[in-house]
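Report on the structure
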Amino acid sequence: MKLDNEKIIQILKDHEGRFVSGEVISQEVGITRAAIWKRIAALKDLGYVVDARQNMGYRLMRSPDILTPSEIQYRLGTKIVGKEVRYYPVLESTNAEAFRLASSGAADGLVVITDHQTGGKGRLNRTWFSFRRQSISLSVVLRPKIVPYLATMLTYMTGIALYEAIYAQTAIKPSLKWPNDILMRGKKVAGVLCELNTETDIVNFAVIGMGVNLNVRKKRFPEEIREASTSLYEETKKRLKRVAFVKELLRQLDYWYSVFLRDGGDSRILAEWKERSQIVGQNVRIRSFEEEIVGKVVDVDSYGALMIETEDDKKKRVIAGDLETVVIAEE
Ligand code: BTN
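Residues numbered from 1 in each chain as written. Predicted model: local features only at pLDDT ≥ 70, side-chain atom pairs only at ≥ 80, totals over all residues. Heavy atoms only, no water.

As a structural note, the neighbourhood of the ligand is formed by 20 residues, with Ser93, Gln117, Lys121, Arg123 and Lys188 the closest of them. In this structure, an oxygen atom belonging to the ligand sits 2.7 Å away from a main-chain N or O atom of lysine 121. Surface burial for the ligand is 97%, taken as the share of its 420 Å² of free accessible area covered by protein chains. Elements that contribute at least two residues to the shell around the ligand include exactly helix H5 (94-103), strand S5 (135-142), strand S8 (187-198) and strand S9 (203-213). Here the shell around the ligand gets four residues from one element, more than from any other, and that element is S8. (Near = heavy atom within 4 Å. Polar contact = N/O pair within 3.5 Å; in protein donor to acceptor, adjacent residues only side chain to side chain. Areas by Shrake-Rupley, 256 points an atom, 1.4 Å probe, with all protein chains shown as cover. Helix = DSSP H or I, 4+ residues; strand = E, 2+ residues; numbered from the N terminus.)

Okay, here's the thing in structure tokens:
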């Protein structure tokens, strides 16, 4: 059941640019015309620009760029991802909140989104820096019926969705860096953190967290990550609308999740990820559990592990680690 405010926003949006009478809203929402007047005043406080005229009713002139369900879900058109959206002005971590909600039964596709994270988590227990209203921080609960080893493909699937959303919004193709980074001009613009609740042979649920440096100015990044980081703003010199970006991202995720479910995860997703990462054939240096591996990537297997041919002609399989350098020149 939608809240009254959400219903009013939806009606106004459906008539965007045209007047809709108080009478019509009153009938559809089931509250008095006086109550509507009060709620419209509250919407104005949120940043909605509404023209209110006697005998004509209300006309929505502009919606604010806020991450509420009313904005994100309006004509979203997804099948699973974003069927429920929870917005919070501040959270420690959207992944932590989504994990908590999933543990108490939240449905496949629930989105948790915030304006600001105070304790964002990165991969390998690192800190992820978010900036109030400048970053996108969101997590999605997914409940695919898969064996745990296939969960790496959820990270790859999300990388593809981020790649496509960034391309659609900026007309610039980013690149995918193993295992979970999205880069522009070699600098990190977004990251994925997939956390799981599993039993030995089944995934109960996955929480996929996405952090995107949207409108962050370079000088705002802490010094230790400034040179290695970028944002969509820095790459385009344009401020992007948060709602438009999030809707594009959720639509992409919904599409790629349907591909994942149809294919069982390890064929098409892997192939699409490989194509966008162009990792096969690259010469790399990887730090994996205190070991340094240097060699050429010959393949990525269905566990998401890199198959490396080392300089002394040995084959190594690397399941986790940090890809430190791409060693360029090869004779
Ligand atoms: C990484 O690159 O190491 C992964 C970064 C993932 C950050 C996102 S922001 C939303 C979600 N909530 C978190 O605490 N982390 C992820």
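The biggest cluster of nonpolar side chains holds 61 residues, and the ones touching the most others in it are Leu138, Met157, Trp178, Leu232, Phe245, Ile269 and Leu306. When residues of this core are assigned to domains, at least three fall in each of domain 2 (69-277) and domain 3 (283-325). Among residues more than four places away in sequence, those in contact with tryptophan 178 are Tyr156, Trp273, Ile279, Ile286, Gly304, Leu306, Val318, Ile319, Ala320, Gly321 and Leu323. If you look at the next biggest cluster of nonpolar residues, it comprises 16 residues, including Ile31, Ile40, Val50 and Tyr58. (Core = buried A, V, L, I, M, F, W, Y, C linked by side-chain atoms within 4.5 Å. Buried < 20%, exposed > 50% of the residue type's maximum accessible area, 1.4 Å probe, protein only. Domains from an automatic or database assignment. Contact = heavy atoms within 4.5 Å.)

On to a nonpolar patch on the surface. A surface patch of nonpolar side chains, about 490 Å² in accessible area, is lined by Val147, Tyr149, Phe289, Tyr303 and Ile319. Its location among the elements puts tyrosine 149 in the loop between S5 and helix H6 (152-170). (Patch = residues over 30% accessible without salt bridge, like charges linked within 9 Å, V, L, I, M, F, W, Y side chains within 5 Å. Salt bridge = Lys/Arg side-chain N within 4 Å of Asp/Glu carboxyl O.)

Per the domain assignment, the segments of the protein chain are domain 1 (3-62), domain 2 (69-277) and domain 3 (283-325). Summed over both sides, the interface between domain 1 and domain 2 buries roughly 510 Å², with carbon and sulfur atoms accounting for 44% of that surface. Contact with domain 2 buries area across many residues of domain 1, yet Glu6, Lys13 and Asp14 alone supply 72% of it, more than any other trio. Remark: the boundary between domain 1 and domain 2 carries two salt bridges. The partner of lysine 13 in a salt bridge is glutamate 71, and the shortest N-O contact between them spans 3.0 Å. For the interface between domain 1 and domain 2, the tally reads three residue pairs in polar contact (both at pLDDT 80 or more). Taken together, the residues of the side of domain 1 that touches domain 2 sort by class into two nonpolar, one polar and three charged. (Buried area = accessible area lost by both parts, 1.4 Å probe. Nonpolar A, V, L, I, M, F, W, Y, C, P; charged D, E, K, R; others polar.)

Here we take up the environment of tryptophan 256. If you trace the backbone, tryptophan 256 turns up in helix H9 (residues 242-263). Overall, the relative accessible area of 4% leaves tryptophan 256 in the buried class. Linking tryptophan 256 and methionine 157, residues 99 residues apart in sequence, is a C-alpha distance of 6.2 Å. Beyond its immediate stretch of four places on either side in the chain, tryptophan 256 contacts Met157, Ile160, Ala161, Glu164, Arg268, Ile269, Glu272 and Arg276.

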